Amino acid sequence: MRDALQAGTVTLTGHGGDAIEAYAAHRLDARPTSGVVVIHHMPGFDDETKEITRRFAAWGYSAVCPNLHHREAPGAAPDDAAAASRAAGGVPDDRFLGDVSGALDYLRSLENSTGKVGVIGFCSGGRQSVLAACNLAIDAAVDCYGAFVLTRPPEGLSVSVAPLTDQLSDLGCPLLGLFGRDDSHPSPDEVAELDRLLTERGKEHEFHSFEGAGHGFFAVNRPGYRVEAAQEGWELVRDFFGRHLGVQAS
């Protein structure tokens, strides 16, 4: 059974040595494989994000998604945990980096690991994917409509994060960006500015923007889901990771 998968909850060592919940998926065969860290959106560590994690396992990767809201509401439903995280101002950048560093260590410790690891993030996770690529040893990164990479959240939004403009020179791997032209966070102008800044700094990247798609067009359980944009986006992700992580996904 070449395509048999194993998936379920694991415990990672995150920021500060904390034990945090995560969801992992991998194939049961012993072929060498690279890893993918899935960074969930602000609505949380939900069933749809776990399905995305299994998608990467089906493609031939080992994948893990850390629960970034674990400390605020351990064992709570995703919406409740996300609300608790928002009330606390969101996930602090230093804590996020510690948790993802633990996820990278987990993937690289697997017996059949190639040592190569990518990250992909959605919504707030898109910004965090860029943050990780600027601060951690990663081989490829995907930003799916990450808001506030270059700007601060508007007043009234219960998330406190700083722009990453001054960190872009430290981007250490190729970056794929997938955006909706109808999105306001990030807007098409912000995407164009990010493209300009990365080009100016000589950073390898490729951006794709989809007509008729807004924020969250990958989210199958939300009104913003756009089938054509999501399908094309997944093919771009598959090709990008295949080129940069060295695994022929199948």
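I will try to describe carefully the structure that is included in this document. These numbers come from a predicted model, not from an experiment.

## Focus on the overall build of the protein chain
Logical step 1: The helix and strand inventory of the protein chain stands at six helices and eight strands.
Logical step 2: Along the protein chain, helices (α) and strands (β) appear in the sequence β-β-β-α-β-α-α-β-α-β-β-α-β-α when read from the amino end.
Logical step 3: In terms of overall dimensions, the protein chain is globule-like: its C-alpha atoms have a radius of gyration of 17 Å, near the 18 Å expected for 250 residues.
Logical step 4: If one aligns the C-alpha atoms of the protein chain with their principal axes, the spans along those axes are about 50 × 35 × 35 Å.
Logical step 5: Counting only residues that meet the buried cut, the protein chain has 54% of its 250 residues in that class.
Logical step 6: Long-range contacts, defined here as pairs at least 24 residues apart, represent 70% of the contacts in the protein chain between residues at least 6 apart.
Logical step 7: Total accessible area on the protein chain is roughly 10700 Å²; 48% of this is exposed by carbon and sulfur atoms.
Logical step 8: In the protein chain, 21 side chains carry a positive charge and 35 a negative one; their mean positions are 4 Å apart.

## What to know about the sheet that holds strand E7 (residues 175–180)
Logical step 1: The strand order E1-E2-E4-E3-E5-E6-E7-E8 describes an open sheet built from eight strands, whose pairing is mixed. At either margin of the open sheet sits one strand with a lone partner, and together these are strand E1 (5–13) and strand E8 (205–210). Geometrically, the sheet is characterised by an average inter-axis angle of 20° between neighbouring strands, direction not taken into account.
Logical step 2: The pairing of strand E2 (residues 19–27) with strand E4 (residues 62–66) spans four bridges and is classified as antiparallel. Looking at the pairing, Ala25 lines up with Ala63 of E4.
Logical step 3: Against the sheet, helix H6 (residues 227–245) engages strand E3 (33–39), strand E5 (113–122), strand E6 (140–144), E7 and E8, with an angle of about 155° to E5.

## A short note on the packing of aromatic side chains
Logical step 1: Following the criterion strictly, the structure yields 15 aromatic pairs and no others.
Logical step 2: Taking 6.2 Å as the distance between ring centres and 55° as the angle between the ring planes, the aromatic pair formed by Phe122 and Trp234 counts as tilted. Residue Phe122 is found in strand E5, and its partner Trp234 is found in helix H6; the two are separated by 112 residues along the sequence. In this structure, Phe122 and Trp234 share a single accessibility class: buried.
Logical step 3: By the ring-pair criterion, three or more aromatic residues cluster together here, those being Phe56, Trp59, Tyr61, Phe122, Tyr145, Phe210, Phe217, Phe218, Trp234, Phe240 and Phe241.
Logical step 4: Seen from the ring of Trp234, Arg55 lies directly overhead, with NZ or CZ sitting 4.2 Å from the centre.

## Topic: the state of the cysteines
Disulfides are covalent bonds that connect the sulfur atoms of two cysteines.
Logical step 1: Under the criterion given, the structure shown has zero disulfides.
Logical step 2: Free of any disulfide, Cys123 has its nearest neighbouring cysteine sulfur in Cys144, separated by 11 Å.
Logical step 3: Residue classification places Cys123 among the buried positions, given a relative accessible area of 17%.
Logical step 4: Looking at the unpaired Cys134, the closest cysteine sulfur is the one in Cys173, lying at 8.3 Å.

## Looking at helix H4 (residues 124–135)
Logical step 1: For H4, spanning 12 residues, the distance from its first C-alpha to its last is 17 Å, which sits close to the expected 16 Å at 1.5 Å a residue.
Logical step 2: Along H4, the residues classified as buried are Ser124, Gly125, Gly126, Arg127, Gln128, Ser129, Val130, Leu131, Ala132, Ala133 and Cys134.
Logical step 3: On its buried face, H4 sits against E3, helix H3 (93–108), E5, E6 and E7.

## Quick notes on the nonpolar core
Logical step 1: Core analysis: the largest hydrophobic core is formed by 39 residues, its most contacted members being Leu12, Val37, Val64 and Phe96.
Logical step 2: Mapped onto this core, the elements with two or more residues apiece are E1, E2, E3, H3, E5, H4, E7 and helix H5 (188–200).
Logical step 3: At seven residues, the largest contribution of residues to this core is made by H3.
Logical step 4: Once you skip the residues sitting within four places of it in the chain, Leu12 turns out to touch Asp18, Ala19, Ile20, Ala22, Val64, Pro66, Gly102, Ala103 and Tyr106.
Logical step 5: Core analysis: the next-biggest nonpolar cluster, separate from the first, contains 32 residues, Tyr23, Val36, Cys123 and Ala230 among them.

## Re the packing of H3 against H4
Logical step 1: Viewed as axis vectors pointing N to C, H3 and H4 meet at an angle of 70°, and their least axial separation amounts to 10 Å. Our classification of the angle between H3 and H4 gives roughly perpendicular. Contact residues: H3 offers Asp93, Phe96 and Leu97, while H4 offers Arg127, Gln128, Leu131, Ala132 and Asn135.
Logical step 2: Of the residues assigned to the contact of H3 with H4, the class counts are four nonpolar, two polar and two charged.

Each value, and the rule that gives it
- Residues numbered from 1 in each chain as written.
- Predicted model: local features only at pLDDT ≥ 70, side-chain atom pairs only at ≥ 80, totals over all residues.
- Heavy atoms only, no water.
- Helix = DSSP H or I, 4+ residues; strand = E, 2+ residues; numbered from the N terminus.
- Rg over C-alpha atoms; globule rule 2.2 N^0.38 Å.
- Buried < 20%, exposed > 50% of the residue type's maximum accessible area, 1.4 Å probe, protein only.
- Contact = heavy atoms within 4.5 Å.
- Areas by Shrake-Rupley, 256 points an atom, 1.4 Å probe, with all protein chains shown as cover.
- Lys, Arg positive; Asp, Glu negative; His and termini not counted.
- Charge placed at Lys NZ, Arg CZ, Asp CG, Glu CD.
- Pairing = 2+ DSSP bridges.
- Axes fitted to C-alpha atoms, helices over the stretch in contact; angles between N-to-C directions.
- Phe/Tyr/Trp six-rings, centres within 6.5 Å; stacked < 30°, edge-to-face > 60°.
- Lys NZ or Arg CZ within 6 Å of the ring centre and 35° of its normal.
- Disulfide = S-S within 2.5 Å.
- Expected span 1.5 Å × (residues − 1).
- Core = buried A, V, L, I, M, F, W, Y, C linked by side-chain atoms within 4.5 Å.
- Parallel < 35°, antiparallel > 145°, perpendicular 65-115°, else oblique.
- Nonpolar A, V, L, I, M, F, W, Y, C, P; charged D, E, K, R; others polar.

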